[in-house]
Amino acid sequence: MNHQYTIGTVARLSGFSPHQLRKWESRLGLLVPDRAANGRRVYSEKQIERLKMLRRLINTGYRIGDLAKMGEDHWYTLDPDSGENADYREIRALISGKM
């Protein structure tokens with residue numbers, strides 16, 4: 001069964017405020033949730049996992065705007081917990097302009 005979560009629950013699970021989630025949706029087009037019959041935002045478990053990844057990346061120094069521009073496919077190469085980060089330092093240096 002595919003569970004759906006309200007923005008308040010997602011905020012508690014991800015560590016981002018509901019305000020941040022709404023702004024990222026409207027300004028950056030990030031993780032646009034489905035809508036329940038009553039019009040409220042509902043998020044999937046997969047979206048919650050993506051938000052947790054964003055939290056890890058932001059905690060390591062990435063900016064949300066840069067992450068949004070590069071696209072989700074690249075997040076996995078940057079995530080220190082993904083196991084797919086062989087080029088982690090090089091990509092991070094390119095993004096931060098230190099190379």
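For the structure itself, consult the block above.
Heads up: these notes are all about the structure in this document. (Residues numbered from 1 in each chain as written. Predicted model: local features only at pLDDT ≥ 70, side-chain atom pairs only at ≥ 80, totals over all residues. Heavy atoms only, no water.)

## Observations regarding the overall build of the chain
Phase 1: The number of helices and strands found in the chain is six helices and three strands.
Phase 2: When the elements of the chain are put in sequence order from the N terminus, they spell out β-α-α-β-β-α-α-α-α.
Phase 3: Put simply, the chain has 99 residues, and 30% of those count as buried.
Phase 4: Contacts spanning at least 24 positions in sequence make up 43% of the contacts within the chain whose residues lie at least 6 apart.
Phase 5: Roughly 6400 Å² of accessible area belongs to the chain as shown, and the carbon and sulfur atoms make up 48% of that amount. (Helix = DSSP H or I, 4+ residues; strand = E, 2+ residues; numbered from the N terminus. Buried < 20%, exposed > 50% of the residue type's maximum accessible area, 1.4 Å probe, protein only. Contact = heavy atoms within 4.5 Å. Areas by Shrake-Rupley, 256 points an atom, 1.4 Å probe, with all protein chains shown as cover.)

## Observations regarding the side chain of Arg-50
Phase 1: Inspection of the secondary structure assignment puts Arg-50 in helix α3 (residues 45-59).
Phase 2: Discounting chain neighbours no more than four positions away, the residues touching Arg-50 are Leu-31 and Glu-72.

## So, the packing of aromatic side chains
Phase 1: Scanning all chains against the criterion turns up one aromatic pair.
Phase 2: Pairing Phe-16 with Trp-24 gives two aromatic rings, centres 4.6 Å apart and planes at 70 degrees, and the pair type is edge-to-face. Assigned by exposure class, Phe-16 and Trp-24 land together as buried. (Phe/Tyr/Trp six-rings, centres within 6.5 Å; stacked < 30°, edge-to-face > 60°.)

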